[in-house]
Amino acid sequence: MNTADTSISDEVAKLAAEAKDRLNEHTLKTVHWHFSEDTGSPFWLGKKAELNFDPLTDVKSFEDLKKFPLFEDEWLRGGPLARWVPKGHAGKPTFVFETGGTTGIPKSRVVIEDHWKDYELFSDTLPDKYFPRGANWLMLGPSGPRRLRLAVEHLAQHRGGTCFCIDLDPRWVVKLIKKGWMEHLEEYKKHCVDQAVTVLTAGHDVQCMFATPKLLESLGEALEERGTSLQEVGIKGIFSGGTEFTPQWTRFCVEEMLGGPAEEGGVYMTPTYGNTLMGLACSKPITAADGYKISYYAPQPRAVTEVVSFDDYNQPVGIGETGRVKLYTLTDEFFVPGFMERDEGEREAPFEMYPWDGVSGVRPFHELASATTVGVY
Amino acid sequence: MITLSPLRWGKPYESLDFTDVVHFDTGEPIARIGNVGGGIVGRDMRQAHKAREALLQFSTDDLLEKCKRAAVLFESADLQVGDSTQSVDQFVHQQSASTGLPEHMCRSNLAKNSFVLANMEQILDCLTRGLDLSILSRGYGEEGRGVVVSYQAQTPILGAVLPNNSPGVHTLWLPAIPLQIGLALKPGSQEPWTPYRMVSAFIEAGVPAEAFGLYPGGHDSGGAIMTKAPRSMIFGSAQTVAQHSGNPKVQAHGPGFSKILIGDDVVDDWENYLDMMVESVLSNSGRSCINCSGIWASRHTKEIAAAIAKRIGPVDALPPSDPNSQLAAFTVPAMATGTYAMVQQDLAESGVTDVTAEFGEKLIERDHCAYLRPMVVHADSPDRGVVSKEYMFPFVSVVQCPQAEMLRRIGPTLVGTVLTADQALISAAGSSVDIDRVNIGPIPTNRLNWLQPHEGNIIDFLFRSRAYQTADLPVAAASTS
């Protein structure tokens, strides 16, 4: 127990305890799936021999995952991909999704249906008022080897709509930035945004969209230069995501680009924080009264985020304190028993909607920040 | 602690995103700056015309008077800066604390900026070659020779992405206001002080607040200014300058590679010019683009280098409040270690000698900052790599080069001081397109005549000379009122 649990209501504490029980049970099930000879992946069955404990008998709760060494993202670079496919899923069609803006050997993750499940769960969090069932969608962001296009497209289909997709290749963007070709960068962004404007003004009944923060900003500006706005072309709900999603940027969007708060007639916007490993974390609803603070909550129990001490990655910090973001993925397709994200932030308390820990103020981990090209998309 | 908020055409904006400014030596917080992103800048740029419209409500004569008043306020008054009232002493202390410049250098830059503002009328008179400024206001007019001339403003505002540590360069954007051109400035994250105080002085002097946008932030806000403003200036490295080369929307200010060239007719008397050379290298801790980074002569170069080294080699780091302090700190220590590593590479080349080696260690590392003590190197030929280097501390290469080859080999030179009475050399230096500012005679490179253009005439940058003809209509037009 730490300071976290003293500041929440009895009702939330009860919900949090129930959620923890579900997480422990789910952890046990997941570990048994990945470390059983019949269902586990070649990678984890191979790793099992290197461990000084037996996951099948020594992991009894989520806390026991800390017995594993940290997951190294380097393991995901290069082949063979087949080593990641659990035997329990052998023979099923597989996707491979890669990390976004890197230009070396990318990190690859094999996926079977996780991206669909993640986005179906996410769909449950979207209010129908702002994301009408049956409405069409626009996806303005990276596709290619990234999972985003297929995931958003599935989300649209799951909600009864069709998704128009416009690609932005973040690897080309990284190269443009590194070469200092800022004029080309602007033209490329304009090229993407022009396509989005064309879709939105062509009578396709697009009411919902995903866009990266920078592209959303450019799209809003491009529409205003044409004498219209996101609101006027019919957009009702937007989800956006990335570490560049700051309270200041959200305030700018709500107050100046989206026509005010949704409850006062503006376009609804929800921040998300996701990646190829974890799935999609949702945000606590953002409000001006709360200073547009953005707090993310992982889709527990399929994924868990912790905010841990910079000095001890097995030690969560207290509520409101700053630490590095640690990620766990616990699906039957993919197992990550503790991966140190390249981000840091503040630990947030559980609340009714998401009765488990969240993280706010997500930003590049200060020790890595100078080596990271941020703001790619 | 003082909080500096963005200013959106005169209106303070309460940001949710802050950058802390800390004291370079102690790490103590001294200010926090509210940031904005490119979206806000882009949005404001669509209203930029209102900044010019606000200034056009005043005549240029009125605005010149307000500049004089602002000069006094900037240099001597307590002014509202951010959420605090700032005295001159506080300004100097804050600027020194965040940039690493000794306080007496901050005062000197304060005086320089104020001088330019106070003398704006004469400066514009020279920059426009005596043009009646109302012609710039109206767009056309009779110049006095029976010919209508026209100058069209190319932008309602001047954008500027300002440097982090060079308070002296702010003189470059000051003429915009009396020219009735608004300002959209991205203050440097470590030197927000001059633009904030200057804008406060302008407003206090009666210049409409709507003329000013201050947009602190990351690359995003600077990038938006550069992209959206029809005319903007940026300060940066040689790479930055190269990136904007040939772009008529951008005036890029980078390293100056300023030099002193000594003609064969006077080089035997080089000792007469030693004070001038030392000042050119050492002033403002060698940080300015107008500091001398190369001294070229055909002979006596080793003696010249040794004499300068004897004068500046012993200079050591002193507290910023010490009036004898000559060195500015590198507030980001890695900048000093990185620079020193580059110097070590320069010295590894055969024919390059560190003449200041005997004066002890050059790199001084502290807890939160670092210093580089002055260095003089000798290069036995213009072929050496070091002759085209410029660093952010007192560093000069004394280069041995035949006079006949000098002008062909010097490369880009912001300020070229030519020591000679040889008319052929004077004429050739005047014709050299590599030299921007030509000083003939013993004028230190750092001594600017403000009645001369500096790195491009801002009038040419902001206005376009064009044709404008008028003829009477055959019948009187109907009233439109």
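These numbers come from a predicted model, not from an experiment. (Residues numbered from 1 in each chain as written. Chains lettered and ligands numbered in written order. Predicted model: local features only at pLDDT ≥ 70, side-chain atom pairs only at ≥ 80, totals over all residues. Heavy atoms only, no water.)

Before going further, it helps to examine the overall build of chain A. When its secondary structure is counted, chain A shows 9 helices and 13 strands. By principal-axis analysis of the C-alpha atoms, chain A measures approximately 65 × 50 × 40 Å. The buried share of chain A, reckoned over its 377 residues, is 55%. Counting only contacts in chain A whose residues sit at least 6 apart along the sequence, the fraction spanning at least 24 positions is 67%. Accessible surface, chain A: about 15,800 Å² in total, of which carbon and sulfur atoms supply 52%. Computing the positive centroid from 40 side-chain charges and the negative centroid from 56, chain A places the two 4 Å apart. (Helix = DSSP H or I, 4+ residues; strand = E, 2+ residues; numbered from the N terminus. Buried < 20%, exposed > 50% of the residue type's maximum accessible area, 1.4 Å probe, protein only. Contact = heavy atoms within 4.5 Å. Areas by Shrake-Rupley, 256 points an atom, 1.4 Å probe, with all protein chains shown as cover. Lys, Arg positive; Asp, Glu negative; His and termini not counted. Charge placed at Lys NZ, Arg CZ, Asp CG, Glu CD.)

Within chain B, the secondary structure is distributed over 16 helices and 24 strands. Relative to the 2.2 N^0.38 estimate, which gives 23 Å for 481 residues, the radius of gyration of chain B is 24 Å and therefore close to what a compact globule would have. Projecting the C-alpha coordinates of chain B onto the three principal axes gives extents of approximately 80 × 55 × 35 Å. Relative to its full complement of 481 residues, chain B shows a buried share of 57%. Sequence-distant contacts in chain B: of pairs separated by 6 or more residues, those separated by 24 or more amount to 72%. Carbon and sulfur atoms make up 49% of the accessible area of chain B, which totals about 19,600 Å². Mean positive and mean negative side-chain charge positions of chain B (37 and 51 charges, respectively) differ by 6 Å. (Rg over C-alpha atoms; globule rule 2.2 N^0.38 Å.)

All names here are of chain B. One open sheet accounts for 3 strands, arranged β8-β9-β24; its pairing is antiparallel. Single-partner strands in this sheet number two, and they are β8 (140-142) and β24 (463-466). Adjacent strand axes in the sheet meet at a mean angle of 30°, parallel and antiparallel pairs treated alike. Bridge analysis of β8 against strand β9 (residues 148-153) gives 3 bridges, and the strand direction is antiparallel. In the strand pairing of β9, glycine 141 is matched with valine 149. (Pairing = 2+ DSSP bridges. Axes fitted to C-alpha atoms, helices over the stretch in contact; angles between N-to-C directions.)

Once that is clear, we can look at empty space enclosed by the protein. Residues and elements named next belong to chain B. Inspection of the entire model under this criterion finds 5 cavities of 30 Å³ or more. Roughly 150 Å³ of volume is contained in the largest cavity. What lines the largest cavity is a set of 16 residues, and nearest its centre among them are Leu127, Thr171, Leu172, Pro175 and His454. Of all the secondary structure elements, the ones that give two or more residues to the lining of the largest cavity are α6 (120-127) and β14 (250-253). (1 Å grid on protein atoms, 1.4 Å probe; cavity = no way out; pocket = protein on both sides within 12 Å on 5 of 7 lines; lining within 4 Å. Points joined across faces, edges and corners; volume = space filled by probe spheres on them.)

The subject of this paragraph is the UniProt feature "domain: Aldehyde dehydrogenase" (unreviewed entry) in chain B. The sites that carry the UniProt feature "domain: Aldehyde dehydrogenase" (unreviewed entry) are, in the present numbering, residues 26-450 of chain B. This span, residues 26-450 of chain B, is 37% helix and 20% strand, and a straight line between its end C-alpha atoms measures 37 Å. (UniProt positions renumbered as here; feature names shortened; annotations may be inferred.)

This part takes up the side chain of glutamine 180 of chain B. Residues and elements named next belong to chain B. Topologically, glutamine 180 is positioned in the loop between β10 (157-161) and β11 (182-186). What makes glutamine 180 buried here is its relative accessible area of 2%. A distance of 2.9 Å separates a polar side-chain atom of glutamine 180 from the backbone oxygen of phenylalanine 58. A distance of 2.4 Å separates polar atoms of two side chains, one belonging to glutamine 180 and the other to serine 137. (Polar contact = N/O pair within 3.5 Å; in protein donor to acceptor, adjacent residues only side chain to side chain.)

Glancing now at the pattern of salt bridges. By the definition in use, this model includes 47 salt bridges over all chains. Residue aspartate 128 of chain A is joined to arginine 133 of chain A by a salt bridge in which the shortest nitrogen-to-oxygen separation is 3.2 Å. In this structure, glutamate 186 of chain A and lysine 189 of chain A form a salt bridge, with 3.7 Å as the shortest nitrogen-oxygen distance. Of this pair, glutamate 186 of chain A and lysine 189 of chain A both sit in helix α7 (residues 182-200), 3 residues apart, which is roughly one turn of the helix. Through salt bridges with shared partners, one network takes in Glu224 and Glu256 of chain A together with Arg8, Arg43, Asp44 and Arg46 of chain B. (Salt bridge = Lys/Arg side-chain N within 4 Å of Asp/Glu carboxyl O.)

For the rest of this paragraph, the subject is the sheet that holds strand β17 (residues 352-354) of chain B. Residue and element names in this part refer to chain B. The strand order across the open sheet built from 7 strands is β17-β20-β21-β16-β15-β22-β23, with neighbouring strands paired in mixed fashion. Every other strand in the sheet has two partners, leaving β17 and β23 (435-440) as the edge strands with one partner each. Within this sheet the neighbouring strands show an average axis-to-axis angle of 20°, counted without direction. With 4 bridges connecting them, strand β15 (residues 258-262) and strand β16 (residues 292-297) associate as parallel partners. The residue bridging lysine 259 from the neighbouring strand is glycine 294, located in β16. Set on the sheet, helix α11 (residues 274-282) makes contact with β15, β16, β21 (395-400) and β22 (413-419); between it and β15 the angle comes to about 165°.

Turning to the packing of aromatic side chains, a few remarks are in order. Summed over the entire model, instances satisfying the criterion amount to 42 aromatic pairs over all chains. The interplanar angle of 70° and the centroid separation of 5.1 Å between the aromatic rings of tryptophan 44 of chain A and phenylalanine 335 of chain A together place this pair among those described as edge-to-face. Separated by 291 residues along the polypeptide, tryptophan 44 of chain A in helix α2 (residues 42-48) and phenylalanine 335 of chain A in strand β12 (residues 335-348) bring together distant segments of the chain. A residue is classified by how much of its surface remains accessible, and phenylalanine 335 of chain A, at 0% relative accessible area, is buried. Ring-pair connections join several aromatic residues into one group, and the members of that group are Phe35, Phe43, Trp44, Phe53, Phe68, Phe71, Trp75, Trp84, Phe334, Phe335 and Phe339 of chain A. Positioned above the aromatic ring of tyrosine 140 of chain B is the side chain of arginine 138 of chain B, whose terminal nitrogen or guanidinium carbon lies 5.6 Å from the ring centre. Over the face of the ring belonging to phenylalanine 74 of chain B we find arginine 197 of chain B, whose NZ or CZ atom lies 5.9 Å from the ring centre. (Phe/Tyr/Trp six-rings, centres within 6.5 Å; stacked < 30°, edge-to-face > 60°. Lys NZ or Arg CZ within 6 Å of the ring centre and 35° of its normal.)

What follows deals with the nonpolar core. Counting 87 residues, the largest nonpolar core has Leu219 and Leu230 of chain A as the members making the most contacts within it. Residue contributions to this core peak at 8 residues, all from α7 of chain A. In this view, leucine 230 of chain A contacts Met209, Leu216, Leu219, Gly220, Leu223, Ile235, Ile238, Met257 and Leu258 of chain A; residues no more than four positions away in its chain are not counted. Listed in part, the 75 residues of the second largest apolar core include Ala70, Val81, Ala176 and Leu414 of chain B. (Core = buried A, V, L, I, M, F, W, Y, C linked by side-chain atoms within 4.5 Å.)

Before going further, it helps to examine the confidence of the model for chain A. All names here are of chain A. Here chain A averages 91 in pLDDT, and 94% of its residues register 70 or above. Note on residues 1-6: pLDDT under 50 across the span, and 6 contacts to partners over four residues away in sequence or across chains. This stretch, residues 371-377, has a pLDDT under 50; its non-local contacts, to residues over four places away or in other chains, come to 17 contacts. (pLDDT = per-residue confidence, 0-100.)

In this section: the interface of chain B and chain A. Of the residues lining the interface, 17 residues belong to chain B; the matching set on chain A comes to 16 residues. Approximately 1,400 Å² of surface area, both sides summed, lies buried where chain B meets chain A, with 42% of it carried by carbon and sulfur atoms. Among the residues chain B hides against chain A, the three largest losses belong to Leu16, Arg43 and Arg46 of chain B. Together they make up 40% of the total. Inspection of the chain B/chain A interface yields 6 salt bridges. At the surface where chain B touches chain A, the tally comes to 10 residue pairs in polar contact (both at pLDDT 80 or more). Listing elements by their share of the side of chain B that touches chain A, those giving two or more residues are α1 (38-45) and α9 (219-228) of chain B. Considering every element that reaches the side of chain B that touches chain A, the biggest residue donor is α1 of chain B, with 5 residues. The class makeup of the residues in the side of chain B that touches chain A is 3 nonpolar, 7 polar and 7 charged. (Buried area = accessible area lost by both parts, 1.4 Å probe. Nonpolar A, V, L, I, M, F, W, Y, C, P; charged D, E, K, R; others polar.)

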